[in-house]
Amino acid sequence: MAGKTSAGILLFRRSGEATEVLLGHMGGPFWAKKDAGGWSVPKGEYGPDETPEDAARREFQEELGLPAPEGEYLPLGEVKQSGGKVVTVWAVEGDLDPAQVVPGTFEMEWPPRSGRTQEFPEVDRAAWFGLAEAEEKLLKGQRPFLVRLGELLNG
């Protein structure tokens, strides 16, 4: 049986020498008080009936409530995360106002074993970060995408 696959878009913008990336803080009770390592590239799972790039565009829309960015999609490759999921990410240059984000939601049993289901935002906030700060904020398993973006932009 094939492992889980996920795809996403790392939106970036440049201002002079500086590059910033847009990250989403993961919603839900597990991540509510975690900042360092609690942010993610907007991404999500997909199945065999969808291409990774189509999934990345769909997930951007679902997670942030905004259309996937137009522009050149620069492949940043794949990373296998510690749980075995393979994540594929594209970088796209663009800009958006994080205040405009209207995240999608998910349901889960909370508190655990309570029998009650609650709804939580997929992303409880989004923000722009310089590459060094983004490395501290981003989930450890996604940090290689920042390195790859830096290498791509710096030739």
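Residues numbered from 1 in each chain as written. Predicted model: local features only at pLDDT ≥ 70, side-chain atom pairs only at ≥ 80, totals over all residues. Heavy atoms only, no water.

If you look the chain up in an unreviewed UniProt entry, it shows as MutT-like protein from Amycolatopsis azurea DSM 43854.

Asker: What should I look at first to understand the layout of surface pockets in this one?
Answerer: One simple way to see leftover space: roll a probe sized like a water molecule over the atoms. Looking at the largest pocket, its volume works out to about 320 Å³. Looking at the largest pocket, it is lined by 19 residues, and the ones nearest its centre are M26, K43, E63, F106 and E122. Of all elements in the fold, only β2 (18-26), β4 (43-46) and β7 (105-109) reach the threshold of two or more residues within the lining of the largest pocket. Here the lining of the largest pocket gets three residues from one element, more than from any other, and that element is β4. Class assignment of the residues belonging to the lining of the largest pocket gives a composition of eight nonpolar, six polar and five charged. (1 Å grid on protein atoms, 1.4 Å probe; cavity = no way out; pocket = protein on both sides within 12 Å on 5 of 7 lines; lining within 4 Å. Points joined across faces, edges and corners; volume = space filled by probe spheres on them. Helix = DSSP H or I, 4+ residues; strand = E, 2+ residues; numbered from the N terminus. Nonpolar A, V, L, I, M, F, W, Y, C, P; charged D, E, K, R; others polar.)

Asker: Help me understand the pattern of salt bridges in this model?
Answerer: Close approach of charged atoms lets side chains of opposite charge pair. The final tally for this structure, using the stated rule, is twelve salt bridges. When the shortest N-O distance is used, the salt bridge between R58 and E59 registers 2.7 Å. A residue is classified by how much of its surface remains accessible, and R58, at 26% relative accessible area, is partly exposed. For E59, a relative accessible area of 6% gives the class buried. Connected through salt bridges with shared partners, the residues D35, D124, R125 and K137 form a single ionic network. (Salt bridge = Lys/Arg side-chain N within 4 Å of Asp/Glu carboxyl O. Buried < 20%, exposed > 50% of the residue type's maximum accessible area, 1.4 Å probe, protein only.)

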